[in-house]
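# Structure assessment
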2 protein chains.
Amino acid sequence: MKRFRQYIGGAIIKGFAMVVIITAVGCSSEEKKTGANGTSETKNFDEKDLVQYVDPMIGTAKMGHTYPGATVPFGSIQLSPDTDTIPYGVDGHYNPDVYRYCAGYQYDDPTIVGFSHTHFSGTGHSDLGDFLIMPTTGELQMNPGTETNPDSGYRSRFSHDKEDAEPAYYSVILDDYNIKAELTATTRVGMHQYTFPKSEQAHIILDLTSGIYNYDNKNVWTFVRVENDTLVTGYRQTNGWARTRTVYFAMSFNKPVAKYGQVNYDNNVYKGFWRKFDQNTNFPEMAGENLKTYFDFNTSEGEKIKIKFAISPVSTIGAIKNMKAEIPHWDFDKVKTESQEKWNKELNKVQIEPINNAEMINFYTAMYHAFLGPTEYMDVDGKYRGLDMNIHQANGFTNYTSFSLWDTYRALHPLFNVLQPKRNSDMINSMIAHYDQSVHGMLPVWSHYANENWCMIGYHSVSVIADAIVKGNTGFDAKAALAASVHTAKVPYYDGLKYYMEKGYVPEDKNGASVSKTLEYAYDDWAIAQAAKKMENEAVYDEFIKRSENYKNVFDKNSGFMRPKLDDGSFKKQFDPLDTHGQGFIEGNSWNYSLYVPHDPKTIIELMGGKKQFSQHLDSLFSMELPDKYFANTEDISREGIIGNYVHGNEPSHHVVYLYNWTDTPWKSQDKIRMILKAMYQAKEDGLGGNDDFGQMSAWYIFSTLGFYPVAPGSDVYALGSPAMKSAKIQLENGNTFTVVAENQSEKNVFVDKVTLNGKELKAPFIKHSDIMQGGELHFYMSNSPNKNLYTTN
Amino acid sequence: MKRFRQYIGGAIIKGFAMVVIITAVGCSSEEKKTGANGTSETKNFDEKDLVQYVDPMIGTAKMGHTYPGATVPFGSIQLSPDTDTIPYGVDGHYNPDVYRYCAGYQYDDPTIVGFSHTHFSGTGHSDLGDFLIMPTTGELQMNPGTETNPDSGYRSRFSHDKEDAEPAYYSVILDDYNIKAELTATTRVGMHQYTFPKSEQAHIILDLTSGIYNYDNKNVWTFVRVENDTLVTGYRQTNGWARTRTVYFAMSFNKPVAKYGQVNYDNNVYKGFWRKFDQNTNFPEMAGENLKTYFDFNTSEGEKIKIKFAISPVSTIGAIKNMKAEIPHWDFDKVKTESQEKWNKELNKVQIEPINNAEMINFYTAMYHAFLGPTEYMDVDGKYRGLDMNIHQANGFTNYTSFSLWDTYRALHPLFNVLQPKRNSDMINSMIAHYDQSVHGMLPVWSHYANENWCMIGYHSVSVIADAIVKGNTGFDAKAALAASVHTAKVPYYDGLKYYMEKGYVPEDKNGASVSKTLEYAYDDWAIAQAAKKMENEAVYDEFIKRSENYKNVFDKNSGFMRPKLDDGSFKKQFDPLDTHGQGFIEGNSWNYSLYVPHDPKTIIELMGGKKQFSQHLDSLFSMELPDKYFANTEDISREGIIGNYVHGNEPSHHVVYLYNWTDTPWKSQDKIRMILKAMYQAKEDGLGGNDDFGQMSAWYIFSTLGFYPVAPGSDVYALGSPAMKSAKIQLENGNTFTVVAENQSEKNVFVDKVTLNGKELKAPFIKHSDIMQGGELHFYMSNSPNKNLYTTN
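Residues numbered from 1 in each chain as written. Chains lettered and ligands numbered in written order. Predicted model: local features only at pLDDT ≥ 70, side-chain atom pairs only at ≥ 80, totals over all residues.

### Brief notes about the overall build of chain A
Counting its regular elements, chain A contains 21 helices and 37 strands. Its C-alpha radius of gyration of 26 Å places chain A within 12% of the 28 Å reference for a compact globule of 794 residues. In terms of its C-alpha atoms, chain A occupies a principal-axis envelope of roughly 80 × 65 × 50 Å. For chain A, the residues scored as buried account for 62% of the 794 residues in total. (Helix = DSSP H or I, 4+ residues; strand = E, 2+ residues; numbered from the N terminus. Rg over C-alpha atoms; globule rule 2.2 N^0.38 Å. Buried ≥ 20, exposed ≤ 12 C-beta atoms within 10 Å, placed from the backbone.)

### What to know about the interface of chain A and chain B
On the chain B side, the residues contacting the 37 residues of chain A number 36 residues. Elements represented by at least two residues in the side of chain A that touches chain B include exactly strand S11 (219–226), strand S15 (285–288) and helix H5 (316–326) of chain A. Here the element with the most residues in the side of chain A that touches chain B is S11 of chain A; it accounts for five residues. (Contact = placed C-beta atoms within 7 Å.)

### Topic: the relation of the copies chain A and chain B
Screw-axis analysis of chain A against chain B gives a translation of 0.1 Å along the axis, an RMSD of 0.1 Å, and a rotation angle of 180 degrees. Taken together, the turn and the small shift mark the pair as related by a two-fold rotation axis. Looking at the rotation axis and the C-alpha trace of chain A, the residue lying nearest is Val220 of chain A, at 3.3 Å. In this assembly the copies share their binding face: 97% of the residues contributing to the interface of chain A also contribute to that of chain B. (Least-squares fit on C-alpha atoms with pLDDT ≥ 70 in both.)

### Structural notes on the nonpolar core
The tendency in soluble globular proteins is for nonpolar side chains to be buried side by side. In terms of nonpolar packing, the biggest core is built from 477 residues, with Phe249 of chain A together with Phe249 of chain B touching the most fellow members. With residues up to four places along the chain from it excluded, the contact list for Phe249 of chain B reads Phe131, Thr233, Gly234, Tyr235, Phe309, Ala310, Ile311 and Ala319 of chain B. (Core = buried A, V, L, I, M, F, W, Y, C linked by C-beta atoms within 7 Å.)

### Regarding the confidence of the model for chain A
Residues and elements named next belong to chain A. This prediction gives chain A a mean pLDDT of 91; 91% of its residues lie at or above 70. Every residue in residues 1–42 scores below 50 in pLDDT, and together they form 44 contacts with partners more than four places removed in sequence or on other chains. In the predicted complex, the global pTM is 0.94; the interface-specific ipTM is 0.93. (pLDDT = per-residue confidence, 0-100.)

### Brief notes about the sheet that holds strand S36 (residues 766–768) of chain B
Residues and elements named next belong to chain B. What the three strands build is an open sheet, ordered S30-S31-S36; its pairing is antiparallel. The two strands at the open ends of the sheet, each matched to only one other strand, are strand S30 (708–709) and S36. Where strand S31 (residues 717–720) meets S36, three bridges bridge the pair, whose relative direction is antiparallel. Of the residues in S36, the one forming a bridge with Ala719 is Phe766. (Pairing = 2+ DSSP bridges.)

### Things to note about the pairing of strand S10 (residues 199–207) of chain B
Residue and element names in this part refer to chain B. Counting buried positions over the nine residues of S10 gives seven, a clear majority of the element. Where S10 lies against strand S16 (residues 291–299), seven bridges are found, and the strand directions are antiparallel. Bridging from a neighbouring strand, Ala202 pairs with Phe297 of S16.

### Side note on unusual backbone geometry
With the exception of glycine, the majority of residues adopt a negative phi angle, and the majority of peptide bonds are in the trans configuration. Each neighbour pair has its own omega, and for Gly373 of chain A with Pro374 of chain A the value is -5 degrees, a cis peptide bond. If you trace the backbone, Pro374 of chain A turns up in the loop between helix H7 (357–370) and strand S19 (375–376). Within the chain, Met389 of chain B stands out as a residue other than glycine whose phi angle is a positive 70 degrees. In this structure, Met389 of chain B sits in the loop between strand S20 (383–385) and strand S21 (391–393). Exposure remark for Met389 of chain B: the 21 C-beta atoms within 10 Å place this residue in the buried category. Here the phi dihedral of Asp693 of chain B falls at roughly 55 degrees; this positive angle occurs in a residue that is not glycine. Looking at the secondary structure, you find Asp693 of chain B in the loop between helix H18 (667–680) and helix H19 (696–706).

### Brief notes about the sheet that holds strand S6 (residues 163–166) of chain B
Residues and elements named next belong to chain B. In space, the nine strands of this open sheet follow the order S6-S7-S8-S9-S17-S13-S12-S11-S15, with antiparallel pairing throughout. Of all strands in the sheet, those with a lone pairing partner are S6 and strand S15 (285–288), marking the two edges. Taken pair by pair, the neighbouring strands of this sheet meet at an average axis angle of 15 degrees, ignoring direction. In the packing of helix H5 (residues 332–347) onto the sheet, the strands contacted are strand S7 (169–174), strand S8 (179–185), strand S9 (189–195) and strand S17 (304–312), and the crossing angle to S8 comes to about 45 degrees. (Axes fitted to C-alpha atoms, helices over the stretch in contact; angles between N-to-C directions.)

### Some words on the packing of helix H11 (residues 461–470) of chain A against helix H12 (residues 478–488) of chain A
Residues and elements named next belong to chain A. Contact geometry of H11 with H12 gives a least axis separation of 10 Å together with a crossing angle of 150 degrees. When the axes of H11 and H12 are compared, the pair comes out roughly antiparallel. Read as a crossing pair, H11 and H12 show a hand that is left-handed. Contacts from Ser461, Val462, Ile465 and Ile469 of H11 reach H12 at Ala478, Ala481, Ser485 and Thr488. For the contact of H11 with H12, the class distribution of residues is five nonpolar, three polar and no charged. (Parallel < 35°, antiparallel > 145°, perpendicular 65-115°, else oblique. Left-handed = near helix turned anticlockwise from the far one by under 90°. Nonpolar A, V, L, I, M, F, W, Y, C, P; charged D, E, K, R; others polar.)

### Looking at the pairing of strand S4 (residues 132–137) of chain A
All names here are of chain A. Burial analysis of S4 places six of its six residues in the buried class, the great majority of the element. The alternating pattern of S4 places Leu132, Met134 and Thr136 and Ile133, Pro135 and Thr137 on opposite faces, both of which are buried. Where S4 lies against strand S10 (residues 199–207), six bridges are found, and the strand directions are antiparallel. Looking at the pairing, Thr136 lines up with His203 of S10.

Below, the structure written as structure tokens:
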């Protein structure tokens, strides 16, 4: 984004127009050069330079929790600046707001602490931040210092004027040292390029104590070997969010180190009888709980110190292998170019013609965010550390980790079934491997780096699996996946599941957030049933389709809401459907969660008084004024993440606007979808309405912009909405192209007047997954007023 | 030893006589049965039941530092009772004398804390004590309690009357619980058999916080998975003496666990947003810094709960593999029998006819102690963790660890070149692998479990290597071994080596214990030169034979002693040749260390005034009265470990008594050798004159009892002494037999009147390694008075 950002200044979106016109109509510079416009051979259509529209800075302010650093699609390395990560600074200053630093970077911060190699994108919990590197000059300082007194440590002031964030590239001037920092990455290797001033005191600090979610000294052990004067290896073992996590590294310099050393805060020197060595300087083997190391150089003016930094979940030998395989040279620009090309390849899977130019940035930044994770988690030879802490071999698949499943099962994995079917299959292979290694016999809940974190609720791996099975995307052992789903859904000690299985609901007096759990278990059970149906496993279908009706057990006819029920079968007396905490819900009040029966909208509509009343109920949701007192109880989102009482910044209502399709007023969804897109996704640093949640928010944006949405993953049906672009061409992995056209599209023409699929008018607001995958054209005719008779069936 | 010990009571040695007569003349029960007495076919001679003479209790009192538990020859598992290991008890009682507990067991202690799986034998530093198991009944107690108040914890009172220690078998009655504990082991698997009373509260405690050398909370991390109701896996990572050490385990019960749980002292439960589980009871995944677990059973009267406990340096998968390979059944007695048979095989390598019966116990206990380590360190598939913390494959050799080389290069590894040449070659292969993995490019100094501890001084791996090369025992890459030796000897930052290389000595004002270091480096350099010579590498020979003369640089002609020299070339002014600490020496004063030129006795004899004066000097060493004040400065040994000013309990003088052979008074060595054997090795718990030092003290005993000793490993020459048995048959791995006969032998006939080798009279008090290896007979004729003209040359 640098070029636009710099010459246009604040008026990014407006100034963008000219450029967009050139590229968005399918005429990239490459095409111009070859004159091959429109005549593709091996590809469906020619690749455009879409990387330029991605702005990694979007979401880096407030609660977006994205990071601006360098990474490739689904890469293991996320090499990114940290502006603050540790709760305690050198002056004892405590930073209580660690949650702000889930991704290590907050746009408003004035200093950069350093560049670390691993970051979650958009998550609602933090960890990682491994292997912080910081280049400095002058007197060696081994503590980071504080934001208020950056001179007290190695951190540096910086400004956004001298900062550039692009896919697979980040650069910034570190003002305190006059060092230009540039970062790029391959899947397993981060590459640093630091342009130094002339200095006889040029330092590269590798701080192994720094980390994200660094409460209570997260470090368990650190180990460093200086193998020779350009190669350093080691590992870091942490007890952070993941309880037992180890990451190995190999770090290579382009120039011999002149001098190096450690500051070992717990003095874990060798315990031989005598202090035989100076173990602090030029001693090649260091270990301890809290190790910091430095590497010194003499630099000439403008000299570039480059670092290749490979990670491995297995061993330092694995890290060295990864480094040699992925970057066998020192050409920084070559890595940058090739990695950006990888991004272009992924981004080109959807080529849109936008309504306005901000949409180009929004759309391709959403594509970028959607393709950041789950991340690859294995060495180039397929080895990885499993949940049992043993080393496993990924045979025939790519192993992935960092599954934020409570978020991503909703739209991100369904999006992958369209745009990344191979990867989605391998993610499921990774889940099955997780299951095989799990001593609980459970598929992942929220897992990363060989750890299960048990975060949030449900067992939504089963949804991801069912969605893939139902949609025929089964590059995995579907029978094993179904068996794993069934076993997962029956682990009695998991989160109220014993009660759920016995009583058909989770009793609030036995296990909190009981309504949310009951509703999500019921949906998950339905998903298992769908997979079983597809696989003609009648017994499992029967068992789980029955369980899927359990949502009815927490519906209170008197109040008309889902309501916490107690162990004795009675509803909880005190009940406020606008409140969340301690009220039987999590990240959503009863107003929102009562609508969480994605697998059976018809029944819930009936329960709530029929189509008309339900439609009005939805209207109220979007239009009511939520009293102030409830905002404090709404997690993880900016106040901007709420429209009326509709909470888009959290996930449970992501399908809600599409529920109009099951009423007689599908048209009511159309303007609201466009409103949400506009309100919740803005092309600026604080433009996201809440955590991006590892791509789930972005996936909602992408689907909704294209005009359809997977209300119930595990079904092959998409609900139609209101497309928010002029046209989109989706290049499928199977070689087919699915095109969506929105004729007469404009910012005002948010209603759909007519819609055809391959020329045939649709009378119901739905399409099927096979409609997409076989290629074809979905043609919307847009209007500024609703066509209330558009759909005659639903 | 149980049978003799129990019915004879205190008078062990006396009561032993009858039995010895039967077996010691070469007439085992097996021989009687077959009538094959004296006519061996595949073996040189028939195997006897020698296991019965081994008393693992010898050395368990005072400073012997041996353990009484179950192990096989060179086994990875040393499953042994710990009577106290942790510095802090539950009542805050601090045990400052952790050094006493190097092997976990002190004979005089009244309680047993539990049974742990790894122990050093006889070392002068402690570590290990992994995976303490304790069976209890009644109310569950998860702390060990204290010796003074055993009821405050899980430990139990016991008495030696109800204790039995044999090779590969240990048993004891745990009085507080009326549980009979029995232990046996294979190489990688410990087997427990606990006979319980009837109880509905029968517990097996697995305390992962217990350990030897447990200062400052040695634990770094512990991890446990209950895989199913009979199998538990996990690991323990410690920062003890070894700084970065991890041992994995798999534990199998012969009966399903009824209930289990943890006490996790640092509350490292899962950090999900909510406490979803009861993580303390029946929850199969536990981790944290200080984990203790328990496993409950209901037992009937006399019911045996059995445990197979396998360890691995690699992974829990490795541990499970080891368990399946080594003990694929539940027959405790079968394991015991087979493992004792392994001991018999090793013990039968030397069959002696003793002078008295105590000698049978002493000799075979010495053989037992000599064959305890170094220990095997790899999984059954050859995988092991290397110094670089990566997993390596031992290709074509057995990998060993726990090299106490400052001790064992002197006599233990030379003994292995006679009795265990294959294993000694593989130990050298293991050292070369260590070198290859060492970031320092150094062979082991004192290493165990993928860690270098840098304990004591010198680089004596080079002696072990040179000794094997010179003696033609090269089942390893001799060229690589020589290169590794040369590189090791040149690492400038190692322990004063830079100064040594620059100045020819270590200056005391730069690096303490400087004289000891200079002398040992000089000897090691000579060893390298000998290997180079044998391999016809003239350059290396020239370089190191020159360095080997450096001992001369610290010889002070004025005082007639080796004396610390300062950086400026002058000798240290204040100097007391009787003192050790801070005087330029370590574990030996100048009186002893001045004699440490094993590779060049002739020159040091000249320097010290010639043969006559030197002989008198040795006389003084053995006869002088050491003033009390010096005892406090003599490490690691009982006061009984000192004869005059001769310190046998530490190693630097182990060759000294044999130096008489280079004077005109070789006969003076003969009575003194017999005196040392008698004084320093007694068949009782406190019978060892000092730490057994992983077999070095025992190897001295074995060589000296056989009548010859390797004064300078790296030479193929043995100095003759005075044999201390009537006859000995050595069964060599090459199929040959070397016999030593001492005619007219008695406790009084300690002098040698004549000696022949294969019938030919020896005129010099030396034999060669090849004389032994080609088989034959060394025939001593003993006398009660010296034959001062026995040897005419030396």
